[in-house]
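Structural description and commentary
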Amino acid sequence: MSGFFCTFIENLRIMKNLFIIPLLFIFFLGNAQETDCRYITNEIDEFNNTKVVKTDYYDLNKYTSKKDIIFISLRNINKRKSVVITLTRDLGCSVSFKGKRSSVKIKLENDVVVTFYHSGNTDCGDFTVIGSLTKNDIAKLKDSPIKVIRFTGTDYYHDSKDIVWKTFFQEKLDCIK
């Protein structure tokens, strides 16, 4: 009986390892995706020979049941960096008219505010702002997590305070170096 019991225990140890190792692999693989860069485009434009890098759209609330759905994509087109930020909420239109420009203001936990003014075409669907991303903006965004984001459209503004992925810029800005 003791030989059977020893064999049984040894088989349990092997089965435990066969179960735990794949589980750990899945866990680490899942968490590695948070720090990986996902791209829509990462190529040289064949007509004008410029580098075009566009990240996938990342959800700042990581598909939780939060009320605000905020997507961000980072871009580097011919060494000009920009950010595309979308809030799935009606705030009127996103416009780039002087004196009435739509904006997204990101207040960081160190109380620094980074402002992106809309530089794209007028958009009256989901609220989307396309803003230039300067070296100064990048340095500020890498320095501190997100505290609150203010979206300002033609009709309304909205503050989003319940951001799940506060370290998004600290983790993803290197994707568009």
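Further up the page is the structure itself.
What comes next is a walk through the structure. The structure displayed is predicted, hence computed values, not measured ones. (Residues numbered from 1 in each chain as written. Predicted model: local features only at pLDDT ≥ 70, side-chain atom pairs only at ≥ 80, totals over all residues. Heavy atoms only, no water.)

A few words now on unusual backbone geometry. What you tend to see is this: most non-glycine residues have negative phi, and most peptide bonds are trans. A positive phi angle, near 60°, is found at Asn49, a position not held by glycine. Looking at the secondary structure, you find Asn49 in the loop between β1 (39–44) and β2 (51–55). For Lys79, which is not glycine, the phi torsion reads 70° and is therefore positive. For Lys79, the location among the structural elements is in the loop between β4 (70–77) and β5 (80–87). We classify Lys79 as exposed; its relative accessible area is 78%. (Helix = DSSP H or I, 4+ residues; strand = E, 2+ residues; numbered from the N terminus. Buried < 20%, exposed > 50% of the residue type's maximum accessible area, 1.4 Å probe, protein only.)

If you look at soluble globular proteins, the nonpolar side chains tend to sit buried side by side. If you look at the biggest cluster of nonpolar residues, it comprises 29 residues, and the most contacted ones within it are Ile106 and Phe169. When residues of this core are traced back to their parent elements, those giving at least two are β4, β5, β6 (103–108), β7 (113–117), β8 (127–132), α2 (135–143), β9 (146–152) and α3 (168–172). When sequence neighbours within four positions are dropped, the list of residues in contact with Ile106 reads Ile85, Val112, Val113, Val114, Phe116, Leu141, Ile146, Val148, Ile149 and Phe169. (Core = buried A, V, L, I, M, F, W, Y, C linked by side-chain atoms within 4.5 Å. Contact = heavy atoms within 4.5 Å.)

What follows covers the pattern of salt bridges. Tallying each qualifying case throughout the model produces six salt bridges. As a salt-bridge pair, Arg38 and Asp56 come within 3.3 Å of each other at their nearest N and O atoms. Here Arg38, found in the loop between α1 (2–35) and β1, pairs with Asp56, found in the loop between β2 and β3 (58–59); they are 18 residues apart in sequence, far enough to count as distant. Its salt-bridge partner being Arg89, residue Asp68 comes within 3.0 Å of it at the nearest N-O pair. Residue Asp68 is located in the loop between β3 and β4, and its partner Arg89 is located in the loop between β5 and β6; the two are separated by 21 residues in the primary sequence. (Salt bridge = Lys/Arg side-chain N within 4 Å of Asp/Glu carboxyl O.)

Per the counting criterion, the structure on display carries two disulfides. Between Cys37 and Cys175 runs a disulfide, and the two sulfur atoms are separated by 2.0 Å. Between Cys37 and Cys175, the disulfide has an S-S torsion of -85° and is therefore left-handed. Remark: Cys175 occurs in the segment after α3 and Cys37 occurs in the loop between α1 and β1; sequence separation between them is 138 residues. The disulfide that involves Cys93 links it to Cys124, with 1.9 Å between the sulfurs. Note on the Cys93 and Cys124 pair: the S-S dihedral is about 105°, so by sign convention the disulfide is right-handed. Here the residue Cys93 occupies a position in the loop between β5 and β6, and Cys124 occupies one in the loop between β7 and β8, the gap between them amounting to 31 residues. Using a relative accessible area of 17% as the deciding quantity, one classes Cys93 as buried. Regarding the disulfides, the chain carries the connectivity 1-4, 2-3 under sequence-order numbering of its bonded cysteines. (Disulfide = S-S within 2.5 Å.)

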